[in-house]
Amino acid sequence: MSKLRLKKIVGLDIDEGSINATEISAARGRLRASSLFQAAALEELAERPELKNSSVAITLPAHAVLLRIFQVSASILHSRNKDKDIMAFLQRQNLPFKLEECFWGVFIWQNNLHFVAARKEAVQKQIAVVEAAGFRCVAVIPSFLALYYILVQNNPQAGKDRFVIVHVRKAASDLIICEDSRLSVYPLSLGQQQIAADPQQSTKFSQELSRIHNSHRMQHAALSPAALQVFVSGREISADFIVQLQKNFTDTQVVVLDPFKKITAAAPAGSASVYSLSAGLAAAYLGSGAAPAVNFIRDRIRRENRLVQVGITRKLVTLGAVAACVFLLLGDLLLAGRLQREQAAYARLTIQVDKILPSVKGLLREKESLISQIAYLQRQMAGQQLYLQALALISRHKPAGVVIKEFDSKLNDSLLEVVITGASAGYEQVNVFLSGLKKEPGVHEPKVVASTFPGGQAAGSDIDFKLRFEVKKEL
């Protein structure tokens, strides 16, 4: 079964003019029949709130299902590729139709391989009828396997013994024989409608049943001759009918199958045996492997479940992508809001800067002007210092016989160029003056640049001279 197995399902027994529905749920390894319904049409059931849009398991009439039994070798039973080997084995058999033309399944008891199949058209037609009424079909299970399951579910010992199930339907019936790990199914021509209409038909039914059973025994003479347990299920069964059947099985007791012997259920209105097939369909779908399970549309349901899983995955991925987009969008919105706030703050700052900038520029111009003035004053102060220093040098080294007529100075960077014009009574006085200046460390290149020394003038007259030197600021 699919990993998405349902925990609750409705088994539908669709017979002529009557439909039985049994809703069974599985919880903690136990089955519980929560609802039992009877109706004349599917639409009537579908309108019930309890069954609206329910998932259902249905069946096909026994005459529409092919059952073949093959003995297979141990090599196939224990093969690593059992499914592939079984398919190859079936393709070699003389089957009435090809495997690809039908829905089919297998189950193995000991070395007996039971092959169960139904034509796809018949299965699809039955599914279409059910789903048109508003149900979702998740299983198509052969009726004899559903009856087998509900029997062994309620009578565990019966699964180990030999037994017969007589399932009575409205227009026809089925005979199911289980013995020595073989399951055989035979259609019966009479049903509850004929038996109820004519009591003599009960005898005819009993005779047909006896003939088919004896023929089965002759065909399988090697089977154990031990007595079979006999269970009757299906439509309302009278006590006279049971008495008539008992005549065919004198060595065992004929009992009515109770589908809710081990399953919790509300008391049904009428005979519980009426719900044997519908309960068996639901229980077989929910079962844990106590009996052979064949669901003709198992692969279809698996594909649908895979599509559902893919759809869920895609929706989750889409939801995750949407969530990521929303997250990114929120992030973008937050960033956009922050950017707008930053831009607004920048705009306010720009306005403030524009207001302050002219004042700052004016201050910068004033600063430059002040710096220029300070530099000028510093130069003037330096020049005055050098000027005073030059006067001090002249005063310190000028001999008494030297007269200064003119003092001229020129500031050049950190040097003060001084030119002295004067007169002296003799050359010696000028030489003394020049020698004194040369000894001063702050005086550079003192020299006489012009003079009128004696030689061209009368003896005893003063000489004129022009003396030049540079004064450097004292450190």
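Each remark here, short or long, concerns the structure printed above.
This one's a predicted model, so the numbers in the text were calculated from it and none came from an experiment. (Residues numbered from 1 in each chain as written. Predicted model: local features only at pLDDT ≥ 70, side-chain atom pairs only at ≥ 80, totals over all residues. Heavy atoms only, no water.)

Okay, the nonpolar core next. Ranked by internal contacts, the top residues of the largest apolar core, which has 67 residues, are Leu12, Leu45, Val123, Phe135, Val140, Leu183 and Phe296. The dominant element in this core, judged by the number of residues it contributes, is helix α5 (residues 143-154), at 9 residues. Excluding anything up to four places from it in sequence, leucine 45 contacts Leu12, Ile19, Ala21, Phe37, Ala39, Leu51 and Phe135. (Core = buried A, V, L, I, M, F, W, Y, C linked by side-chain atoms within 4.5 Å. Buried < 20%, exposed > 50% of the residue type's maximum accessible area, 1.4 Å probe, protein only. Helix = DSSP H or I, 4+ residues; strand = E, 2+ residues; numbered from the N terminus. Contact = heavy atoms within 4.5 Å.)

At asparagine 53, a residue that is not glycine, the phi angle is positive and equals roughly 60°. Examined against the element boundaries, asparagine 53 turns out to sit in the loop between α1 (42-46) and β4 (55-58). Judged by its relative accessible area of 60%, asparagine 53 is exposed. Its identity is not glycine, yet glutamine 110 carries a phi of approximately 55°, on the positive side. Mapped onto the secondary structure, glutamine 110 falls in the loop between β6 (102-109) and β7 (112-119).

Strands sit in the order β5-β7-β6 across an open sheet of 3 strands; the sheet is antiparallel. Each edge of the sheet is formed by a strand with only one pairing partner; in this case those strands are β5 (66-71) and β6. Strand after strand, the sheet turns through a mean of 20° between neighbouring axes, direction not considered. On top of the sheet, helix α3 (residues 82-91) reaches β5, β6 and β7; it is set at about 110° to β6, its chief contact. Along the sheet face, helix α4 (residues 120-132) touches β6 and β7 and points at about 65° away from the line of β7. (Pairing = 2+ DSSP bridges. Axes fitted to C-alpha atoms, helices over the stretch in contact; angles between N-to-C directions.)

Turning our attention to the environment of threonine 421. The topology assignment puts threonine 421 in strand β16 (residues 415-424). On the basis of relative accessibility, which here comes to 21%, the residue threonine 421 falls in the partly exposed class. A sequence separation of 29 residues divides threonine 421 from alanine 450, and the C-alpha atoms of the two residues are 8.9 Å apart. Non-local contacts of threonine 421, meaning those with residues more than four positions away in its chain, are made with Ile404, Lys405, Glu406, Phe465 and Lys466.

Within this structure, the stated rule accounts for 8 salt bridges. Ionic pairing is found between glutamate 23 and lysine 8, a salt bridge with its closest N-O pair at 3.9 Å. Taken together, the residues glutamate 23 in strand β2 (residues 18-27) and lysine 8 in strand β1 (residues 8-15) connect sequence positions 15 residues apart. On the basis of relative accessible area, glutamate 23 is assigned to the buried category, the value being 6%. A residue is classified by how much of its surface remains accessible, and lysine 8, at 48% relative accessible area, is partly exposed. Here aspartate 464 ties to lysine 405 by a salt bridge, and the two come within 3.0 Å at their closest N and O atoms. Placement of aspartate 464 in strand β18 (residues 463-472) and of lysine 405 in strand β15 (residues 402-412) is noted, with a sequence separation of 59 residues between them. Several salt bridges share partner residues, and in doing so they unite Asp13, Asp15 and Arg169 into one network. (Salt bridge = Lys/Arg side-chain N within 4 Å of Asp/Glu carboxyl O.)

The next point concerns α3. For α3, every residue scored as buried is listed here: Ile86, Phe89 and Leu90. Considered in projection along α3, the buried side chains sweep an arc of 95° and stay on one side of the axis. Along α3, exposed side chains directed more than 90 degrees from the buried face belong to Lys84 and Gln91. (Arc of directions from axis to C-beta.)

Note that asparagine 155 resides in the loop between α5 and β9 (163-168). The exposure class of asparagine 155 is buried, given its relative accessible area of 15%. There is a polar contact of 3.3 Å between the side chain of asparagine 155 and the side chain of lysine 261. Not counting the four nearest positions on each side in its chain, asparagine 155 is found in contact with Phe231, Leu257 and Lys261. (Polar contact = N/O pair within 3.5 Å; in protein donor to acceptor, adjacent residues only side chain to side chain.)

The N-to-C vectors of helix α7 (residues 200-219) and helix α8 (residues 239-246) enclose an angle of 35°; their axes lie 9 Å apart at closest approach. Seen from above, α7 lies across α8 with right-handed handedness. From α7, Ser202, Thr203, Phe205, Ser206 and Leu209 reach across to α8, where they touch Phe241, Gln244 and Leu245. Considered class by class, the residues forming the contact of α7 with α8 number 4 nonpolar, 4 polar and no charged. (Left-handed = near helix turned anticlockwise from the far one by under 90°. Nonpolar A, V, L, I, M, F, W, Y, C, P; charged D, E, K, R; others polar.)

Once that is clear, we can look at α4. Compared with an ideal rise of 1.5 Å per residue, which puts 13 residues at 18 Å, α4 spans 18 Å between its outermost C-alpha atoms and is within 8% of the ideal. The complete set of buried residues in α4 reads Val123, Ile127 and Val130. Take α4 and look down its axis: the buried residues cluster within an arc of 65°, on one side only. Of the exposed residues in α4, the ones pointing more than 90 degrees away from its buried face are Glu121, Lys125 and Ala132. One or two positions beyond α4, positive phi appears at glycine 134, with a value near 115°. (Expected span 1.5 Å × (residues − 1).)

Let's shift gears to the sheet that holds strand β10 (residues 173-179). Pairing in this open sheet of 5 strands is mixed, and the strands run β11-β10-β9-β12-β13 from one edge to the other. Here the strands that pair on one side only, and so sit at the sheet edges, are β11 (182-188) and β13 (254-256). Taken over all neighbouring pairs, the strand axes of this sheet differ in orientation by 20° on average, direction set aside. The sheet contact formed by β9 and β10 spans 6 bridges and is antiparallel. Bridge pairing in β10 links isoleucine 165 to isoleucine 176. Sheet strands touched by α5: β9, β10, β11 and β12 (229-234). Its angle to β9, the strand with the most contacts, is close to 120°. In the packing of α7 onto the sheet, the strands contacted are β9, β10 and β11, and the crossing angle to β11 comes to about 145°.

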